[in-house]
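Descriptive structure summary
Listed here are the chains, written in short residue letters.
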Amino acid sequence: MTTAGDRTVILIVLDSVGCGALPDAAIYGDEGADTLGHVARVSGGLHLPFMQALGLGNLHSIEGVPPAASPRALFGRMSEASIGKDTTTGHWELAGLVLEKPFALFPHGFAREITDELERLTGRGILGNRAASGTEIIEELGPEHMATGKLIVYTSADSVLQIAAHERIVPVGELYAACVAARGLCDGLDVARVIARPFVGDPGAFRRTYNRRDFSMKPPAPTMLDMLLAAGVDVTAVGKIEDIFAGQGIARSVHTEGNDDGMRKTLGIVSAGAPGLVFVNLVDFDMLYGHRNDVAGYARALEAVDAFFPFLEAILGPEDRVIVTADHGCDPTWPGTDHTREYVPVLVFGPGLTGKDVGLRATFADVACTVLALFGLAPMPRGTVIDGALS
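**Description of empty space enclosed by the protein**
- Scanning the model with the defined rule gives one cavity of 30 Å³ or more in all.
- Empty space within the largest cavity amounts to approximately 60 Å³.
- Lining the largest cavity, in full, are Leu14, Val17, Leu36, Leu48, Met51, Leu56, Leu302, Val324, Thr325, Pro345 and Leu347.
- Of all elements in the fold, only β12 (321–325) and β13 (344–349) reach the threshold of two or more residues within the lining of the largest cavity.

Shown next, in the form of structure tokens:
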């Protein structure tokens, strides 16, 4: 007989796959945003047979993905209770930590005392220091960076300080060290993440690499990850999860180079049969397609992950569960290149589970409560267990 201690729970975050604007989206300039809906419409319909059978078309109107007559999964939508629409806020809430105060934003760049100290600590000058699209500022300032060795520093609509550098001019290890220095400068400013943005190539053909690394604030309170580890439940982070939680509550981390690599490594981990939580981020939706307004690429990525799920389902143990969700939106049809304030889908499937509509959830923290309950642990202070997930 299997028990909760023998169970593997695979929590997969489809980074930025939102499903319609939240009621407060107008405050963020996102009224009418709909990542899934708009990608499907502009693409002429999506082909997602596995997720359609789970109930994806039952929770949201998606061209090409009609409602299933008898959905196989628990399906619903979740509202973000925290203020914000960034990666850290979304993931922390999924792990049970609801933020009552937003992270700091820097629409006009960072104060002179910060940039001066960063120059002193790194021994390199600084270019940029403004809010910008990452690909655009690299194209604009990349040639000067290569000629001078100065670091490209920029921010966005999120709470981030980003440092971009060509791998041939600034070795990746040195770029990481510069980000560690910046992280120290940002710790008192409520900056969610310092992000290393290495790139390669020549002017006119620069491209960012998967050597990106995020240097996050530590969560200010325990998350479900801390509670799992304290109870002896193994926690494996796949992709940028370790960075988002600053390593807190994680037993081991697996680096990935995009969605395909992340899906392949997830299959390997689950196939090994070790129980515990496998927490996966599939970043390409956001990094390669959402922020770059690439609708066709976004559609292809959705269809690729749909084709992955049957392979994952085939290796699940009798008590295993898969939870599929997102952390925010990033509608590639929306003006600009920033995240969008949206509902996120939630799909829960696994052997023996009976599909049903679990409705509109008040917070992403319902995921944390559900994961903890699947391992026989008490819930977080916020959120409720998703009905039917334990059956």
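**Considerations on the packing of helix α5 (residues 112–122) against helix α7 (residues 172–186)**
- Look at α5 against α7: their axes get within 10 Å of each other, and the N-to-C directions meet at 145°. Regarding α5 and α7, the two cross each other, and that crossing is right-handed. Two secondary-structure elements touch here, α5 through Ile114, Glu117, Leu118, Leu121 and Thr122 and α7 through Ala178, Ala181, Ala182 and Leu185.
- Classifying every residue of the contact of α5 with α7 gives seven nonpolar, one polar and one charged.

**Some points on the packing of aromatic side chains**
- Evaluated as defined, the whole model comprises 10 aromatic pairs.
- Pairing Trp92 with Phe103 gives two aromatic rings, centres 5.6 Å apart and planes at 70°, and the pair type is edge-to-face. Note that Trp92 is positioned in helix α4 (residues 87–94) and Phe103 in the loop between α4 and α5, a separation of 11 residues in sequence. Judged on exposure class, the residue Trp92 and its partner Phe103 are both buried.
- A ring pair is formed by Phe285 and Tyr298, whose centres lie 5.6 Å apart and whose planes are at 45°; its orientation type is tilted. One end of the pair, Phe285, is in helix α11 (residues 284–290); the other, Tyr298, is in helix α12 (residues 295–314), with 13 residues separating them in the sequence. With respect to burial, Phe285 and Tyr298 carry one shared label: buried.
- One aromatic cluster is present, formed by Phe50, Phe308, Phe309 and Phe349 through successive ring pairs.
- Note that Arg77 overlies the ring of Tyr343, its terminal NZ or CZ placed 4.1 Å from the centroid.

**Focus on the pattern of salt bridges**
- Taken as a whole and assessed by the stated rule, the structure comprises 19 salt bridges.
- Of the charged contacts, one joins Glu80 and Arg341 as a salt bridge, the two residues approaching to 3.4 Å between their closest N and O atoms. Here Glu80 is found in the loop between β2 (74–78) and α4, whereas its partner Arg341 is found in the loop between β12 and β13, with 261 residues between them in sequence. For the pair shown, Glu80 and Arg341 are each scored as buried.
- Asp116 is paired through a salt bridge with Arg112; the nearest N and O atoms lie 2.8 Å apart. One end of the pair is Asp116 and the other is Arg112, both in helix α5 and four residues apart, which spans about a single turn.

Calculation criteria
- Residues numbered from 1 in each chain as written.
- Predicted model: local features only at pLDDT ≥ 70, side-chain atom pairs only at ≥ 80, totals over all residues.
- Heavy atoms only, no water.
- 1 Å grid on protein atoms, 1.4 Å probe; cavity = no way out; pocket = protein on both sides within 12 Å on 5 of 7 lines; lining within 4 Å.
- Points joined across faces, edges and corners; volume = space filled by probe spheres on them.
- Helix = DSSP H or I, 4+ residues; strand = E, 2+ residues; numbered from the N terminus.
- Axes fitted to C-alpha atoms, helices over the stretch in contact; angles between N-to-C directions.
- Left-handed = near helix turned anticlockwise from the far one by under 90°.
- Contact = heavy atoms within 4.5 Å.
- Nonpolar A, V, L, I, M, F, W, Y, C, P; charged D, E, K, R; others polar.
- Phe/Tyr/Trp six-rings, centres within 6.5 Å; stacked < 30°, edge-to-face > 60°.
- Buried < 20%, exposed > 50% of the residue type's maximum accessible area, 1.4 Å probe, protein only.
- Lys NZ or Arg CZ within 6 Å of the ring centre and 35° of its normal.
- Salt bridge = Lys/Arg side-chain N within 4 Å of Asp/Glu carboxyl O.

All we've got here are geometric facts, nothing functional implied.
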